[in-house]
Amino acid sequence: MSMIDVKVAAVEQVTPLVKHFTFVKKDGSPFPAFSGGSHVVVSMNIGGRVHRNPYSLMGSPEETNAYHISVRKQEQSRGGSVFMHEKIEVGATLQITYPVNLFSLAKKAKKHILIAGGIGITPFMSQLIDLNRLNSNFELHYAFRSPEHGAFYEQLKARCGNKLHSYADSKGERLDLLALLSKQPLGTHVYVCGPNPMVVDVIETARNLGRPENTI
């Protein structure tokens with residue numbers, strides 16, 4: 001597997017559980033271009049054992065001087081997220097794979113409904129840049145535990161305006177999937193990233209409404 005040697009240029013504590021990391025190439029050259037929804041796999045040597053975790057690229061696909069990822073510290077971590085949070089500081093070196101996109105936007109969609117739960121917001125950060133650049137019709141629905149856990153909320157407000165709809169569980173706010181998806185016009189594509197129960201719920205709701213499989 002071909003790898004890229006990177007150096008950590010910046011680390012930011014975004015929420016109590018999420019850290020944002022900025023990578024630059026160790027040799028100072030630009031990174032390969034990528035498309036919204038792409039991810040890289042970060043290779044970490046933890047106690048002599050190699051751990052490999054995938055993380056979404058969050059920056060602008062048009063800016064290749066740096067890559068950006070965010071990592072949520074998992075309560076049931078196998079080691080990777082804890083290692084990133086507790087051991088990786090500015091100046092650290094890591095290896096990452098070249099970008100791969102398994103979550104790309106449908107270019108022919110008439111409308112895009114983006115549904116994110118918690119750290120599931122990360123792949124949408126780069127997609128939103130593409131959607132705005134193309135003047136696409138979209139909505140972002142973002143659910144999180146409480147306002148302090150709403151990572152990148154201010155950035156999202158600036159990027160999405162009234163296309164952003166947020167739901168804080170601590171305030172009793174709920175995303176009504178049936179109401180949302182049942183009113184969408186033909187040609188709408190639905191994307192979801194978040195905890196497994198949310199992903200399953202979105203997919204099942206869309207299927208039960210008769211939405212074509214290739215639009216989910």
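Scroll up to find the structure.
On a predicted model such as this, the values are computed, not experimentally measured, just so you know. (Residues numbered from 1 in each chain as written. Predicted model: local features only at pLDDT ≥ 70, side-chain atom pairs only at ≥ 80, totals over all residues. Heavy atoms only, no water.)

Undergrad: Teacher, can you tell me more about the packing of aromatic side chains here?
TA: Each aromatic ring pair is described using two quantities: the centre-to-centre distance and the angle formed by the ring planes. On inspection of all chains with the given rule, the structure shows 6 aromatic pairs. With a centroid separation of 6.2 Å and an interplanar angle of 90 degrees, the aromatic rings of Phe-103 and Tyr-191 are classed as edge-to-face. Remark: Tyr-191 occurs in strand S10 (residues 188-193) and Phe-103 occurs in the loop between strand S6 (93-97) and strand S7 (111-117); sequence separation between them is 88 residues. By the ring-pair criterion, three or more aromatic residues cluster together here, those being Phe-31, Phe-34 and Tyr-67. (Phe/Tyr/Trp six-rings, centres within 6.5 Å; stacked < 30°, edge-to-face > 60°. Helix = DSSP H or I, 4+ residues; strand = E, 2+ residues; numbered from the N terminus.)

Undergrad: Teacher, can you tell me more about the nonpolar core here?
TA: Across soluble globular proteins, you tend to see nonpolar side chains buried next to one another. Phe-23, Val-42, Ile-69, Met-84, Leu-94 and Ile-96 are the most contacted members of the largest nonpolar core, which totals 21 residues. If you list the elements that add at least two residues to this core, you get strand S1 (3-13), strand S2 (18-25), strand S3 (39-46), strand S5 (67-72), helix H1 (80-87) and S6. Contacts of Val-42, omitting those with residues within four sequence positions, involve Phe-23, His-51, Arg-52, Asn-53, Tyr-55, Ile-69, Met-84, Leu-94, Gln-95 and Ile-96. Listed in part, the 20 residues of the second largest apolar core include Met-58, Leu-114, Ala-151 and Phe-152. (Core = buried A, V, L, I, M, F, W, Y, C linked by side-chain atoms within 4.5 Å. Buried < 20%, exposed > 50% of the residue type's maximum accessible area, 1.4 Å probe, protein only. Contact = heavy atoms within 4.5 Å.)

Undergrad: Just checking my understanding: could you explain the sheet that holds S10 for this structure?
TA: By definition, the strands of a sheet pair up through backbone hydrogen bonds, in either a parallel or an antiparallel sense. In space, the 4 strands of this open sheet follow the order S9-S8-S7-S10, with parallel pairing throughout. With one partner strand each, in any of the chains shown, strand S9 (164-168) and S10 form the two edges of the open sheet. Ignoring which end each strand starts from, the neighbouring axes of this sheet average 15 degrees apart. The pairing of strand S8 (residues 138-144) with S9 spans 5 bridges and is parallel. Each bridged residue has a counterpart across the sheet, and for Phe-144 the counterpart in S9 is Ala-168. Sheet strands touched by helix H2 (residues 122-133): S7, S8 and S10. Its angle to S7, the strand with the most contacts, is close to 160 degrees. (Pairing = 2+ DSSP bridges. Axes fitted to C-alpha atoms, helices over the stretch in contact; angles between N-to-C directions.)

Undergrad: Hey, could you run me through the packing of H2 against helix H3 (residues 153-160) in this one?
TA: Helix packing for two helices is described by the angle between their axes and how far apart those axes are. Two elements in contact, H2 and H3, have axes separated by 11 Å at closest approach and are oriented at 15 degrees. As the angle between them shows, H2 and H3 are arranged roughly parallel. Taken as a pair, H2 and H3 cross one another with a handedness that is left-handed. Residue-level contacts link Met-125, Leu-128, Ile-129 and Asn-132 of H2 to Gln-155, Leu-156, Arg-159 and Cys-160 of H3. (Parallel < 35°, antiparallel > 145°, perpendicular 65-115°, else oblique. Left-handed = near helix turned anticlockwise from the far one by under 90°.)

By themselves, these observations are geometric and do not establish any function.
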